[in-house]
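Chain and residue survey
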Amino acid sequence: MVKVFKALGHEFRFQVVMALLEGNIHSCCGEIRSYEQGCCVTDLTDKFDMSQSTISHHLGILVDAGLVKMEKRGLWSVYLISTETVKELYEAIGDWFSSCYRTPQSQDSSL
């Protein structure tokens, strides 16, 4: 999970993951199936003001962290959210909050 949080700690990478989760990146490459929320690097260069090499670098970090997966489709590299990792992250955060967070009422009752 540390790699995941480190990857999400950069504003651009966080924005990419959120855009993929929300389906806010519309692909022009023709390799994304209608039911998928994915993109290729050129889709991100159209959406963000960054060079292709910088975007590729950030996508590599997201892939390494397991948040995004890359699939080769013809000439295109398609980047998709890793639903398995997002599910693990959701469960880990939920477990952490439920074990650590105490409401003000529960804190008062221990006095």
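Our structure's up above, just so we're on the same page.
Quick caveat, the model's predicted, so the values are computed rather than measured.

Moving on, we get to the nonpolar core. The biggest cluster of nonpolar side chains holds 22 residues, and the ones touching the most others in it are Val16, Leu20, Leu44, Leu59, Leu62, Leu67 and Val68. Looking at this core, the elements with two or more residues in it are helix H1 (2-8), helix H2 (11-22), helix H3 (41-47), helix H4 (52-65) and strand S3 (76-81). Setting aside anything within four residues of it in sequence, one finds Val68 in contact with Leu20, Leu62, Val63, Tyr79, Leu80, Ile81 and Ser82. Ranked by size, the runner-up nonpolar core spans five residues in total, among them Ile32, Cys40, Val78 and Leu80.

The strand order S1-S3-S2 describes an open sheet built from three strands, whose pairing is antiparallel. Looking along the sheet, the strands with just one partner apiece sit at the ends: strand S1 (38-39) and strand S2 (68-73). Inspection of the sheet shows S2 paired to S3 by six bridges, in the antiparallel sense. Of the residues in S3, the one forming a bridge with Lys69 is Leu80.

Bringing a negative patch on the surface into the picture now. On the surface, Glu84, Glu88, Glu91 and Asp95 cluster together to form a negatively charged patch. Looking at where Glu91 falls in the secondary structure, it is placed in helix H5 (residues 83-100).

A few words now on the pairing of S3. Of the strand pairs in this sheet, S1 and S3 are connected by two bridges, and their pairing is antiparallel. Note that in S3 the partner of Gly38 across the bridge is Leu80. Here S2 hands over to S3 after two residues, with Gly74 in that stretch at a positive phi of 65°.

We now examine the side chain of Asp43. Here Asp43 is to be found in helix H3. No salt bridge is formed by the buried Asp43; its nearest oppositely charged neighbour, Arg73, is found at 10 Å. Only 2.8 Å separates the side chain of Asp43 from the backbone nitrogen of Cys40, close enough to count as a polar contact. Discounting chain neighbours no more than four positions away, the residues touching Asp43 are Ile25, His26, Ser27, Cys28 and Cys29.

Thresholds applied
Residues numbered from 1 in each chain as written. Predicted model: local features only at pLDDT ≥ 70, side-chain atom pairs only at ≥ 80, totals over all residues. Heavy atoms only, no water. Core = buried A, V, L, I, M, F, W, Y, C linked by side-chain atoms within 4.5 Å. Buried < 20%, exposed > 50% of the residue type's maximum accessible area, 1.4 Å probe, protein only. Helix = DSSP H or I, 4+ residues; strand = E, 2+ residues; numbered from the N terminus. Contact = heavy atoms within 4.5 Å. Pairing = 2+ DSSP bridges. Patch = residues over 30% accessible without salt bridge, like charges linked within 9 Å, V, L, I, M, F, W, Y side chains within 5 Å. Areas by Shrake-Rupley, 256 points an atom, 1.4 Å probe, with all protein chains shown as cover. Salt bridge = Lys/Arg side-chain N within 4 Å of Asp/Glu carboxyl O. Lys, Arg positive; Asp, Glu negative; His and termini not counted. Charge placed at Lys NZ, Arg CZ, Asp CG, Glu CD. Polar contact = N/O pair within 3.5 Å; in protein donor to acceptor, adjacent residues only side chain to side chain.

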